[in-house]
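# Summary of structural features
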Protein chains: 2
Amino acid sequence: MIRLEVTWAAANLILSVNGKRFRWACFSGSITEAFIVSTEETFDVIVVGAGCLGVSTAYYLQKNSPDKKILLIDRTLAAGQSNTAMSAAAVRNMFASSTNQLLTDTSIKYFEYVQNELGHNLFFEKTGYLWLLSEEQFNHESVKLWMERMKKSGINFKIYTKDELKKMLPGLNANFAGDEEAELMHLQEVSYGLFGSDCGVLDPTRLVEHYFEEFKKISHIKPRFGLEVKKLLLEADPKLDLPGEPFVWQNKKVNGIITDKGTLRADVVVLAIGAWTNQLLDPIGIDGMTKMKKRQLFVIHAEDKKELHDLLDVKGFNELGCVPFTILPSAGVYFRPQLQERGFWIGCGDTIGRAYKYIQTDEDMVPESAYYENSMYPVLSKYFPAFQGARPVNSWAGGYCYSPDRIPFVYLEYGVLVVNGASGSGIMKADALGRIADALYRGEAEAELYGGKKIPAKTLSIKDRNVEIESVII
Amino acid sequence: MIRLEVTWAAANLILSVNGKRFRWACFSGSITEAFIVSTEETFDVIVVGAGCLGVSTAYYLQKNSPDKKILLIDRTLAAGQSNTAMSAAAVRNMFASSTNQLLTDTSIKYFEYVQNELGHNLFFEKTGYLWLLSEEQFNHESVKLWMERMKKSGINFKIYTKDELKKMLPGLNANFAGDEEAELMHLQEVSYGLFGSDCGVLDPTRLVEHYFEEFKKISHIKPRFGLEVKKLLLEADPKLDLPGEPFVWQNKKVNGIITDKGTLRADVVVLAIGAWTNQLLDPIGIDGMTKMKKRQLFVIHAEDKKELHDLLDVKGFNELGCVPFTILPSAGVYFRPQLQERGFWIGCGDTIGRAYKYIQTDEDMVPESAYYENSMYPVLSKYFPAFQGARPVNSWAGGYCYSPDRIPFVYLEYGVLVVNGASGSGIMKADALGRIADALYRGEAEAELYGGKKIPAKTLSIKDRNVEIESVII
């Protein structure tokens, strides 16, 4: 039963609901905002951000510290509704750095375990990944190093020749000789295919749901949504209660968050908010070292086009009998099969000319149809003429949170545990990153990843970073 | 002779002066702004930013490419009027990374040459640098490495014991035993002094003047001030003149700048704008990887305080018979002697709690008196009681442009030559960085620094970076 009392104090209407006091701020006579006043709730950990990295971290934290009060919050109204939902959600273990190989390979194996052993369908489909490469690209030093490191790490991959590709992908245009347009567009002719059979696609919403539901089963605190963090609560440690604290000569620590609905306290605040991290981290004087880039996806349905159905249904790459996730040699254009919809998602990892941003804004969530028409479509339809005339039936956009070396960050400093910088491949690393974050929280020197492999817990920190630079970013 | 013609077009008053057309924009009936229309001027190089790094770069570019048309611009009304003028302008070769050692040692030797051989007084005074260190700090691994690397590079330094320091600095409080305030403030007791005799202070305005005047002597183009760059002009290369260019499949290059007074074209645009770089670089898709922190200086005059005059005039450290630039063991507080004014500049390199910013704003140019009173003064007056009761007679603030490894950036990509990230020590590296930028422009593999030492021109780039992380930042 809700017991409600109403009193007026100054310009504010105070409501008491079952003894908890709410204040309704009144502006120009209209009620605009409700927030909790008076009490400062206290938790052991607050996890900010319920995207793929936040829910994975929350789950492993709670699993390994069952008695801790862990609150998961997000400013959207449900888990996984921000950049996670906007992802192409393709997963691969084919990275050039052994760090990313380890993070993804173990995470993908965990996803298989969830789907096959736990019976939670992630719509994980092993379509494989296919890089179409020119002669020049294939012989590039960085590609040699990439293949070398994959061999060393036991990552499965296969090389296809041009002739093999032409047979397996009859719709592929692998001959640009005399094509003035292709020359003008600097398109590189396909000479090789680099294929990884353990890669695939999944449904990111299902993955988030898995961690979120498992977390809720073992958590003592109900997650809260629609809660926006305004500031990290940086305080003197110990507090002297002097006006103007903290001063430079005091030790300092983050003791919680200031939200639009009041202050919440915690020993540790986890920040798993990707392209929004700078907004909270920079003001307290920690350089998160990430930047955001907008990424867009455009959906093409095969509909009544036989050529597109044929492309979707090419055989020989995988047991599904479908086209792999395919990366074109030029301009960063790629496509992902979407079998349930009988279609493709088209994306592009553009470099120079696509702005870096400090903090993701609303306009980064808006796809630009001209971008598909003028930039992606001409490339796509040149390599695969089946796409000629294809118009998107849907599109969306989101942000990548880039780290300088394209390897994620996980570090605990001044009471803040940061998990970000996955550089567009957070979903495929989500399991490993959650486990590493948890190991750091518990003060463990190593984190044990799925399957038993171990990684030093501070390897992904800023201060004790020990990683190879990642060169294979899509 | 000026030939002037006036016509009205719409709301704009068009003036022709000797055939060049100017437009006076009229808002609400008043003339507010004059800018050049119609013609796009073309240069070989435009150097944006006339701070210490910009003028040094402009000078070396012009010196080694005498026929090139090089335009130097700044948005303020004179050279060196922004962060350069706000600097403590202390110069040291005592860095922990061999890269910073080389950059500063050769630059400082060039400054000595300018002052002693060329006769241009920079007010360079070899006060020396004195780090006051606790037992724990002195024995820290990073300090051992620092000293080791200085020995290896031939950087002069000397260690003072506590007893020596107490004799040389009678005003130093080196005994906090039983001092509850000092304990509360986590102040570390002084046990050692690390002193560098080749370090000192100078007048940054004089240094900028040197490069600027030398540049003007050999340049064909008059520098322009009060000119604000709105955007870098990123264009397709080659241009196809399609609406919406550049597209992802086109090569791209920066071909100039768009300013508040029109577009200026150049083969290469030099960005030497420190804490404002992100504003121009990020929108074209280059992550400059720097962030800004506000830094403040407060001026204390000795006036009628004998203790402060005595501190200013301590003997034994240098030929000037003055106190060195001195860094306290705790809280990042330091002071610099200012002999002409008979006073001190007090600064602080605060870490956690002082915001990082994406782009420097006007509020970063405003010193906070409470910062001196509550944060710096308690520390300063505890180590040197002579400062008790001292109130600033002046203060100012500016920004440091931090790189992740605290080593500067110099790189040439897509037509943009970036010189920044000096992390608070740009003045003392200005000569070396200008020479490296020039070597990159001329496509040289190595840059020759003052005195003949060489450094690979791409060592300070993002892509081919080869540096040790700098740990000694003040």
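Computed from a prediction, not measured in an experiment: that's the story for all the values here.

### Side note on the relation of the copies chain A and chain B
Mapping chain A onto chain B calls for a screw motion: a turn of 180° about the axis and a shift of 0.0 Å along it, with 0.0 Å RMSD after fitting. When the rotation and shift are considered jointly, the pair of chain copies conforms to a two-fold rotation axis. An overlap of 95% is found between the interface residues of chain A and their copies at the interface of chain B, pointing to a shared contact surface.

### Here we look at the confidence of the model for chain A
The share of residues in chain A with pLDDT of 70 or more is 92%, and the mean pLDDT across the chain is 92. As a predicted assembly, this complex carries a pTM of 0.91 together with an ipTM value of 0.89.

### Comments concerning the pairing of strand β16 (residues 291–301) of chain A
Residue and element names in this part refer to chain A. Summarising burial for β16: nine of the 11 residues are buried, a large majority. Alignment of β16 against strand β21 (residues 394–402), held across nine bridges, turns out to be antiparallel. The partner of Lys294 across the bridge, within β21, is Gly399. Of the strand pairs in this sheet, β16 and strand β20 (residues 356–357) are connected by two bridges, and their pairing is antiparallel. The residue of β20 that forms the bridge with Met292 is Lys357. Sheet analysis places β16 next to strand β19 (residues 343–348), joined by four bridges and oriented antiparallel. Bridge pairing links Phe298 to Ile346 in β19.

### Quick look at the interface of chain A and chain B
With 40 residues of chain A at the interface, the matching set in chain B holds 38 residues. Looking at the side of chain A that touches chain B, the elements that each hand over two or more residues are β20 and α11 (369–383) of chain A. For the side of chain A that touches chain B, the leading source of residues is α11 of chain A, giving five residues. Class assignment for the residues of the side of chain A that touches chain B results in 23 nonpolar, 10 polar and seven charged.

### Description of the packing of helix α1 (residues 52–64) of chain A against helix α8 (residues 204–218) of chain A
Residue and element names in this part refer to chain A. Interaxial distance between α1 and α8 falls to 9 Å at its minimum, and their mutual angle equals 25°. Comparing the axis directions of α1 and α8 gives the class roughly parallel. In the crossing of α1 with α8, the sense of the turn from one axis to the other is left-handed. Where α1 abuts α8, its residues Cys52, Val55, Ser56, Ala58, Tyr59, Gln62 and Lys63 lie against Pro204, Leu207, Val208, Tyr211, Phe212, Glu214, Phe215 and Ile218.

### Points about the pairing of strand β14 (residues 252–259) of chain B
Residue and element names in this part refer to chain B. Across the eight residues of β14, six count as buried, placing the element largely inside the fold. Strand direction decides the pairing type here: strand β13 (residues 229–236) and β14, joined by six bridges, are antiparallel. Counted as the bridge partner of Val229 is Thr259 from β14. Looking at chain direction, β14 and strand β15 (residues 262–271) are connected through four bridges and run antiparallel. Across the sheet, Gly256 pairs through a bridge with Arg265, a residue of β15. The turn linking β14 back onto β15 is made up of two residues.

### Description of the environment of Ile221 of chain A
Residue and element names in this part refer to chain A. For Ile221, the position within the fold is in the loop between α8 and β12 (224–225). For the pair Ile221 and Ile159, spaced 62 residues apart in the sequence, the C-alpha separation amounts to 50 Å. Ignoring anything within four residues of it in the chain, the contact list for Ile221 reads Phe43, Lys69, Ile70 and Leu71.

Reading the values: the criteria
Residues numbered from 1 in each chain as written. Chains lettered and ligands numbered in written order. Predicted model: local features only at pLDDT ≥ 70, side-chain atom pairs only at ≥ 80, totals over all residues. Least-squares fit on C-alpha atoms with pLDDT ≥ 70 in both. Contact = placed C-beta atoms within 7 Å. pLDDT = per-residue confidence, 0-100. Buried ≥ 20, exposed ≤ 12 C-beta atoms within 10 Å, placed from the backbone. Helix = DSSP H or I, 4+ residues; strand = E, 2+ residues; numbered from the N terminus. Pairing = 2+ DSSP bridges. Nonpolar A, V, L, I, M, F, W, Y, C, P; charged D, E, K, R; others polar. Axes fitted to C-alpha atoms, helices over the stretch in contact; angles between N-to-C directions. Parallel < 35°, antiparallel > 145°, perpendicular 65-115°, else oblique. Left-handed = near helix turned anticlockwise from the far one by under 90°.

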